[in-house]
Amino acid sequence: MPSLLATHADLIGTFDAKRREIVDGAIYVEDGQIIAIGPSAELPQGADEVINLRGQVVVPGLVNTHHHMFQSLTRAVPGAQDAELFGWLEHLYPIWARLTPAMLRVSALTAMAELLLSGCTTSSDHLYLFPPGCRLDDTLEAAEQIGIRFHATRGAMSVGRGAGGLPPDSLVESEPAILQDMDRVISAYHDPARFAMRRIALAPCSPFSVSPDLMRSTAQLARSRGVALHTHLAENGSDVDYTREKFGCTPAEYAEELGWLGPDVWHAHCVQLDAAGIGRFAATATGVAHCPCSNMRLGSGIAPITAMVQAGVPVGLGVDGSASNDSGDLLAETRQAMLLQRVKSGPQAMSARQALELATRGGAKVLGRDDIGYLAPGMAADFAAFRADGVGASGAHDLLAGLVFCASAPAAYTVVNGRVVVRDGELSTLDLPVVLEEHRRMARQLGNG
């Protein structure tokens, strides 16, 4: 791989062990790794490629811990705009049932492009429904094409309405078939190595769409194969009521009973996680993907993130699906995370730097990675640069905090594994207008039924 020198950044927020902030900073990269980082005058000046970041602020690549990329095809659907979680799902399930393999791939490309343009370099994706012909492979191929570091989760739904679940019976799969395909994608795609661009996790959808048996069997399979576990938990009051009614316990107790706590597990949302649940998550290093915009959009509530962080729960950020957030801008999500905790607990609840830490180091820890999330020699060369001299940030006295307090700006540069994927605000790996035209055509197709 060519060497890269990113130089003369106005400020680099490393988020390393010392939380260094380097004025007129530079990063020297070889073979996808950071070799040196420091003041521009102190770094080697020769490289195969040099990019000048004057007027820009650099941060570690943002990490997205929860998404449903297929939902980018169903943004702002009229009948689902003002519904809470269960009603929203019931309206959209029949539309999603018409997804095709081509739709999965194009929707993933669109979602990944939006993430990269917001400075995100690593993303998970929770794909939990598979209409005829659709496979996890469709999204994995998209990730390789566009150049994002990708954690694909093989989701599933196995309990339909006929068995007391929420999804229509036509969208559920048999549990033996689910487990067989989970094993297949691990064998075909999972890379456990340091700096891996592609990893697999196993992700039965939620307590109201899969059986306890599938949850247990999935946990056993994941641990035998050394991959992580992911699901939704305690998203809103109805979710908690369902778990209490069906299983006679709280969501956290249910997760513990099934073997779904531990450093290899992360749960999405956890808006209604109670104090006892927070304690169990902290004691077991179980992660949480916090999705503030989605939680607000669906009226699910304000997750107790400040309490979680203070207790020691690993917390990262997620944009969630583009039909419950309608945006995949992870820097904007970072701002909302900070503001929402201030609404709940006052202006001291979360600082701009703490919010950025959730979006970087926090997300890396939730995904079980020690090679991304901060900038230091020996770490992956994943970083994003944002202009600090545009109208939205003009006058900011604290450049790093300005990324969060001021209007969210698109990334000027996004570098993944030492490769410039966004250059001067434009994707360099994809003809985005062509993809978007196809994406809009497919969205109209779905909408017309």
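Please read all numbers here as calculations on a predicted model, not as lab measurements.

Criteria and cut-off values
- Residues numbered from 1 in each chain as written.
- Predicted model: local features only at pLDDT ≥ 70, side-chain atom pairs only at ≥ 80, totals over all residues.
- Heavy atoms only, no water.
- Helix = DSSP H or I, 4+ residues; strand = E, 2+ residues; numbered from the N terminus.
- Rg over C-alpha atoms; globule rule 2.2 N^0.38 Å.
- Buried < 20%, exposed > 50% of the residue type's maximum accessible area, 1.4 Å probe, protein only.
- Contact = heavy atoms within 4.5 Å.
- Areas by Shrake-Rupley, 256 points an atom, 1.4 Å probe, with all protein chains shown as cover.
- Lys, Arg positive; Asp, Glu negative; His and termini not counted.
- Charge placed at Lys NZ, Arg CZ, Asp CG, Glu CD.
- Pairing = 2+ DSSP bridges.
- Right-handed = clockwise from strand over helix to strand, strands pointing away.
- 1 Å grid on protein atoms, 1.4 Å probe; cavity = no way out; pocket = protein on both sides within 12 Å on 5 of 7 lines; lining within 4 Å.
- Points joined across faces, edges and corners; volume = space filled by probe spheres on them.
- Nonpolar A, V, L, I, M, F, W, Y, C, P; charged D, E, K, R; others polar.
- Salt bridge = Lys/Arg side-chain N within 4 Å of Asp/Glu carboxyl O.

Enquirer: Describe in detail the overall build of the chain, supporting the description with residues and values.
Expert: Looking only at helices and strands, the chain has 14 helices and 17 strands in total. A compact globule built from 449 residues should have a C-alpha radius of gyration of about 22 Å, and the chain, at 21 Å, falls within 12% of that. Based on the C-alpha atoms only, the size of the chain along its principal axes is roughly 65 × 45 × 45 Å. Expressed as a percentage of the 449 residues in the chain, the buried residues total 60%. Across the chain, every contact between residues at least 6 apart in sequence was considered, and the portion connecting residues at least 24 apart equals 75%. When the accessible surface of the chain is totalled, it reaches about 15800 Å², and 51% of it is carbon and sulfur. Side chains of the chain carry 35 positive and 49 negative charges; the gap between the two charge centres is 1 Å.

Enquirer: Explain the pairing of strand S8 (residues 149-156) residue by residue, including any values.
Expert: Along S8, 8 of the 8 residues are buried, which leaves the element largely enclosed by surrounding structure. A two-sided burial pattern is seen for S8, the buried positions comprising Arg 149, His 151, Thr 153 and Gly 155 on one face and Phe 150, Ala 152, Arg 154 and Ala 156 on the other. The pairing of strand S7 (residues 120-127) with S8 spans 6 bridges and is classified as parallel. Paired with Leu 127 across the two strands is Arg 154, which belongs to S8. In this view, the connection linking S7 to its parallel neighbour S8 by way of helix H3 (residues 137-146) has right-handed handedness. Taken together, the 7 bridges between S8 and strand S9 (residues 198-204) define a ladder with parallel strand orientation. When the bridges of S9 are listed, His 151 appears paired with Arg 199. Handedness of the crossover is the feature at issue here: the chain leaves S8, passes through helix H4 (residues 175-189), returns alongside S9, and the resulting connection is right-handed.

Enquirer: Explain empty space enclosed by the protein residue by residue, including any values.
Expert: Taken as a whole and assessed by the stated rule, the structure comprises 3 cavities of 30 Å³ or more. Along the wall of the largest cavity there are 15 residues; nearest its centre are His 68, Leu 85, Trp 88, His 232 and Glu 235. When residues in the lining of the largest cavity are grouped by element, the largest group, 3 residues, is from helix H1 (residues 85-96). Split by residue class, the lining of the largest cavity holds 7 nonpolar, 6 polar and 2 charged. The computed volume of the second largest cavity comes to approximately 80 Å³. What lines the second largest cavity is Val 57, Leu 331, Arg 387, Ala 388, Ala 393, Ala 396, Leu 399, Gly 402, Leu 403, Ala 407 and Ala 409. Looking at the lining of the second largest cavity residue by residue, the classes come out as 9 nonpolar, 1 polar and 1 charged.

Enquirer: Give me the pattern of salt bridges: which residues, what numbers.
Expert: Scanning the entire structure with this criterion turns up 24 salt bridges. Where salt bridges share partners, they join Arg 135, Asp 137, Arg 154, Glu 173, Asp 181 and Arg 184 into one cluster.

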